[in-house]
Amino acid sequence: MTAIPRSSQSSETDAPAAPATAPSTTWKQRLRDQIPPSIEREIDLFETQMELKRRGKLDDKVFAESRLRRGAYGQRYDNGQRQDGISAQTLDYPSGELTKGPNTLWDAPGMHRIKIPFGEVTAPQMETLAELAEEVADGICHVTTRQDFQLHFVHIDDTPDLMRRLAAVGITTREACGNVVRNITGCPLAGVCHDEAFDVTPYAKALTTFLLGHPDAQDFGRKFKISFSGCSDQPCGLGRMHDIGVIAKQQTIDGMRHNGFTVFVGGGLGAVPHQAKVFANFLPAEELLPITQAICRVFARLGEKRNRARARIKFLVAKLGIEEFQRLVYEERALLPEDSRWTTFLPETLSLPETLPADPPSHPAGTAVETASGPFAEAFDVWRTQQDGPATEAAPIPEGPYPDGFEAWAAGNVRPQRQSGYYTVLLHLPLGDLTAPQMRRLADLARQYAGGVARTTVEQNMMLRWISGADVVALYQQLNEVRLARPGAGTIVDVTSCPGTDTCKLGISSSRGLASELSRQLAERAFTLDESVQNLRIKVSGCFNSCGQHHVADIGFYGVSRKAGNHRVPHFQVVLGGQWSENAKSHGLPVVAVPSKNVPSALTRLTDFYLQQREPGESFQLFTGRVGKKEIKAKLLDLTRIPGFDEDRSFYADWGDAREYTLADMGVGECAGEVVSVVDFGLAESESTAFEAQIALEDGRVDEAVRGAYTAMVQAAGAITRTELPNLAADPDEIVRQFKTRFHDTQRFHDPFAGAKFANYLFRAHEANGDPLAPDAAHRRIEEAQLFIEAAHACNTRLGQI
């Protein structure tokens, strides 16, 4: 049996079955003079490690960490097993049992993540990505929710030359993964936005270069994510959901406007999202790099290292409190030795006259920085001084007549820049995918119309900037020729999705399959939808980890599973209450789990209910808050019914997958015990209690909400424990004690990937029972309760398999 490409991708190209054929002249020889020595040494070192691993002289875990820090991931089925819906089938690979990490076979296709700082990509870079997609991957360039590109179905043997070819055009995959600073994201409208305080592009470039390979950013317990935004009201930078969120701000002092930033710290999504706290209302621009360095040092020194589930900086900020965290950072800042890069990496102009011309005569990205001097900065001197700008003279969009489809496309995908006569053009990429030919053509069009530069977005799209109005119609026609003129960018039709079960080993349900189906159905009636519905955001994750950013969508979904008789059924939790605007200001909570095949109906019912019951001018978020999740859940309750297996087998297969649904491809943990009917009853009771806790929180009854969340976890733990102790008393202390002894200490409750993470939610809540919590902490406690209940469902499944 051979590995299968992504089920919902926009290409029918088969995945490579073996590494690409080597040319007569190696890429190392051909590119020797085009790659900076520091980067070449890095790649040579990795190639040496690969050879040592082949010879059995390098530990699996050591090599896995090495490749991950260079962006080379494993993929689903990389253990050499794939379920056909009935039983596991062996995938045959030429290198047999040779591995590239624990339970990860050498020849199994992998994913390579490619960092694109703040999403800026040049035409030569796009052409290289297209070549690599065709030659060593499955023909698809995938844009992620962090403005990266990912190539899937890449053989490990192809990765050194892949990295060389990228380095030759100014791209590094270094620190695309690992416990380091990941790709720094930024608003794709920076420099051309009507609302921004100033262009954050040069600052994002400076911080990217400064932190890459920096010794103070190498000893974290977990990954670290930073974003930049030019304004506080729009969602483009999503600053409030990052480890550090940087939002441009100006202050006027003695008649001069000084650039600076509002800095947020300690945000994050993941299984349990945390709202970032304000670290500084105004941080002078010249302090950006040293303060970030100080934050990194405090996180490296005091952040959790042993328990990965608590190792993000959001937990450290929550533990210390923002005031103590600030004190420690400023104390650390005072101890830092002076570093010339703090200012030489920044644009020369940090303070500006109070009055600026409305239309700057040149691209406003700032003055080119001096030559870099960091450990890997030499590779990016050209990249760091790259500035996009107009390719042709400014002009308005001419009057019609227009080609078929132009007006519908332009209505959502074309926006005027603050520079008169220029426009941004947003390319709606279904599921974030471009084929290699599309990418190659886009490079040509970027050269012709946009100064040779494009940007990726956090909604998995791409943007061309500095398009003269005189060129918009011609650009549309040329985009349409390669199917890149899809309308509806940034609307309800433009559904965001993580890879899910297509390629991710943690996927529970098919997020890409569902997103594709929702987008298809919505596109069929896009022009009849009410404007207030058209502008909603839908985001889908294949599991609870929020890679699809479901917590900050108007309507979010994340994959779960449920048991029906002797079968499993793919489900999605419906998440409501998230806020996409104001840099992702608030997070939603799950309302009810719906079978995957009923999600489209659930979405229609939600939007229809909103249109019928909303008040004038009421947003969807305000509507859900006013009506309440209890009433909304009642509207969806009948959709939770699972038909019998013989009644409708389509419910027992996921979107885009003909196999009977199974969780076995995720791996099976050790467990034992007998499942009895009381378990399902107890878990249903715990779900009801968790939902009531949500209602209490919405009504402002915070203490009641906290008690409800804790009670729900105890009920779920009791349901699982009663598989062995049917007469277990309802005493919480006894339930927790027996649960710990029988299911936690034996690791039978542990998640195959998250380990004891969900059990620890119960133990912390039990220890803190009775302690008052602030509303945001109560919100997290409810989210933890929901995840504990999901873990109990998963344990129940494993018990039934024994």
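Residues numbered from 1 in each chain as written. Predicted model: local features only at pLDDT ≥ 70, side-chain atom pairs only at ≥ 80, totals over all residues. Heavy atoms only, no water.

Caption draft 1: Quick peek at the pattern of salt bridges. One pass over the full model with this rule turns up 56 salt bridges. The closest approach of N and O atoms between Arg-626 and Glu-615, which form a salt bridge, is 3.7 Å. With Arg-626 in helix α19 (residues 620-627) and Glu-615 in the loop between α18 (599-613) and α19, this residue pair connects regions lying 11 residues apart in the sequence. When its relative accessible area of 42% is taken as the criterion, Glu-615 is described as partly exposed. A salt bridge links Arg-748 to Glu-724; the nearest nitrogen and oxygen atoms lie 2.7 Å apart. Residue Arg-748 is located in the loop between α23 (732-744) and α24 (757-767), and its partner Glu-724 is located in the loop between α22 (702-721) and α23; the two are separated by 24 residues in the primary sequence. Here Arg-748 falls in the buried class, since its relative accessible area comes to 10%. (Salt bridge = Lys/Arg side-chain N within 4 Å of Asp/Glu carboxyl O. Helix = DSSP H or I, 4+ residues; strand = E, 2+ residues; numbered from the N terminus. Buried < 20%, exposed > 50% of the residue type's maximum accessible area, 1.4 Å probe, protein only.)

Caption draft 2: Representation of the packing of aromatic side chains within the structure. Applying the stated rule across the entire model yields 28 aromatic pairs. Ring geometry for Phe-46 against Phe-63: centres 5.8 Å apart, planes inclined by 5°, an arrangement best described as stacked. Within this pair, whereas Phe-46 is found in helix α2 (residues 37-54), its partner Phe-63 is found in helix α3 (residues 60-68), the two being separated by 17 residues in sequence. Each member of the pair, Phe-46 together with Phe-63, is buried. Here the aromatic cluster, defined as three or more aromatic residues joined through ring pairs, consists of Phe-739, Phe-743, Phe-749, Phe-763 and Phe-788. The ring of Trp-655 has Lys-597 sitting right over it, with the charged end atom 5.0 Å from the ring centre. For the cation-ring pair, Arg-614 lies above Tyr-610, with the distance from its terminal atom to the ring centre recorded as 5.7 Å. (Phe/Tyr/Trp six-rings, centres within 6.5 Å; stacked < 30°, edge-to-face > 60°. Lys NZ or Arg CZ within 6 Å of the ring centre and 35° of its normal.)

Caption draft 3: Up close: the environment of Pro-117. By the secondary structure assignment, Pro-117 is in the loop between β6 (110-114) and β7 (120-122). Judged by relative accessible area, which is 13%, Pro-117 ranks as buried. As a C-alpha pair, Pro-117 and Ala-204 span 87 residues in sequence and 7.7 Å in three-dimensional space.

Caption draft 4: Region of interest: helix α13 (residues 436-449). Taking 1.5 Å of rise per residue, 14 residues should cover 20 Å, and α13 covers 20 Å from first to last C-alpha, within 8% of that figure. Taken together, the buried positions of α13 are Ala-436, Gln-438, Met-439, Leu-442, Ala-443, Leu-445, Ala-446 and Tyr-449. Gly-451 sits one or two positions beyond α13 and adopts a positive phi of about 70°. (Expected span 1.5 Å × (residues − 1).)

Caption draft 5: Structural context of helix α9 (residues 322-335). The terminal C-alpha atoms of α9 lie 20 Å apart, and with 14 residues this matches the ideal 20 Å at 1.5 Å per residue to within 8%. In this structure, the buried residues of α9 make contact with β13 (256-265), β14 (277-284), α7 (288-302), α8 (313-320) and α10 (341-344). (Contact = heavy atoms within 4.5 Å.)

Caption draft 6: Quick look at the sheet that holds strand β1 (residues 72-73). With respect to topology, five strands assemble into an open sheet ordered β1-β6-β9-β8-β18, the strand pairing being antiparallel. Edge strands, defined here as strands with exactly one partner in the open sheet, are β1 and β18 (433-435). Summarising the sheet, β6 and strand β9 (residues 149-154) pair through five bridges and their orientation is antiparallel. Within the sheet, the bridge partner assigned to Ile-114 lies in β9 and is Phe-149. Along the sheet, helix α5 (residues 159-167) contacts β1, β6 and β9; its crossing angle with β6, the most-contacted strand, is approximately 20°. (Pairing = 2+ DSSP bridges. Axes fitted to C-alpha atoms, helices over the stretch in contact; angles between N-to-C directions.)

Caption draft 7: View of the nonpolar core. Counting residues in each nonpolar core, the largest one holds 60 residues, and the members touching the most others are Phe-149, Trp-409, Met-462 and Leu-479. Residue contacts for Trp-409: discarding those within four places in its chain leaves Val-414, Val-425, Val-472, Tyr-476, Leu-479, Ala-485, Arg-486 and Pro-487. Membership of the second largest hydrophobic core comes to 48 residues, among which are Phe-544, Ala-690, Ala-709 and Ala-717. (Core = buried A, V, L, I, M, F, W, Y, C linked by side-chain atoms within 4.5 Å.)

Caption draft 8: View of the sheet that holds β7. Spatial strand order, β7-β19-β20-β17-β16: five strands in an open sheet with antiparallel pairing. The strands lining the two open edges of the sheet, one partner per strand, are β7 and β16 (414-416). Averaged over all adjacent pairs, the angle separating strand axes in this sheet is 30°, with direction ignored. Across three bridges, the pairing between strand β19 (residues 453-456) and strand β20 (residues 462-468) is antiparallel. Looking at the pairing, Thr-456 lines up with Met-462 of β20. Lying on the sheet, α13 is in contact with β17 (422-427), β19 and β20; it crosses β20 at an angle near 25°.

Caption draft 9: Structural detail: the side chain of Asp-502. Here Asp-502 is to be found in the loop between β21 (496-497) and α15 (511-524). Taking the relative accessible area as the measure of exposure, Asp-502 reaches 8% and is therefore buried. Here Arg-512 takes part through its side chain, which lies 3.0 Å from a polar atom of the side chain of Asp-502. (Polar contact = N/O pair within 3.5 Å; in protein donor to acceptor, adjacent residues only side chain to side chain.)

Caption draft 10: How the structure looks around the packing of α23 against α24. At a minimum axis separation of 11 Å, α23 and α24 run at an interaxial angle of 150°. Comparing their axes, α24 and α23 come out roughly antiparallel. Pair α23 / α24 crosses with left-handed handedness. Counted together, Pro-732, Asp-733, Val-736, Phe-739, Lys-740 and His-744 of α23 and Ala-759, Asn-760, Leu-762, Phe-763 and His-766 of α24 form the full contact between these two elements. (Parallel < 35°, antiparallel > 145°, perpendicular 65-115°, else oblique. Left-handed = near helix turned anticlockwise from the far one by under 90°.)

Caption draft 11: Broad picture of unusual backbone geometry. Geometrically, the link from Gly-400 to Pro-401 is a cis peptide bond, its omega value of 10° lying close to zero. Along the polypeptide, Pro-401 turns up in the loop between α11 (381-385) and α12 (406-413). If you check the backbone angles, Tyr-77 has positive phi at about 75° while not being a glycine. By secondary structure assignment, the location of Tyr-77 is in the loop between β1 and β2 (81-83).

Caption draft 12: Representation of the environment of Ser-510 in the model. Within the secondary structure, Ser-510 sits in the loop between β21 and α15. The exposure class of Ser-510 is buried, given its relative accessible area of 2%. Sequence separation between Ser-510 and Gly-542 is 32 residues, and the spatial gap between their C-alpha atoms is 5.9 Å. Dropping the residues within four chain positions of it, Ser-510 is found in contact with Thr-501, Asp-502, Phe-572, Asp-654 and Trp-655. Looking at Ser-510, its side chain comes within polar contact range of the main-chain oxygen of Trp-655, at 3.3 Å.

Caption draft 13: Here's a closer look at the packing of helix α4 (residues 123-136) against α13. The contact between α4 and α13 brings their axes to 8 Å, and the two run at 170°. The orientation of α4 relative to α13 falls into the category roughly antiparallel. Residues Ala-123, Pro-124, Met-126, Glu-127, Leu-129, Ala-130, Glu-131, Ala-133 and Glu-134 of α4 touch α13, and the partners they reach there are Ala-436, Pro-437, Met-439, Arg-440, Leu-442, Ala-443, Asp-444, Ala-446 and Arg-447. Looking at the contact of α4 with α13 residue by residue, the class counts come to 12 nonpolar, no polar and six charged. (Nonpolar A, V, L, I, M, F, W, Y, C, P; charged D, E, K, R; others polar.)

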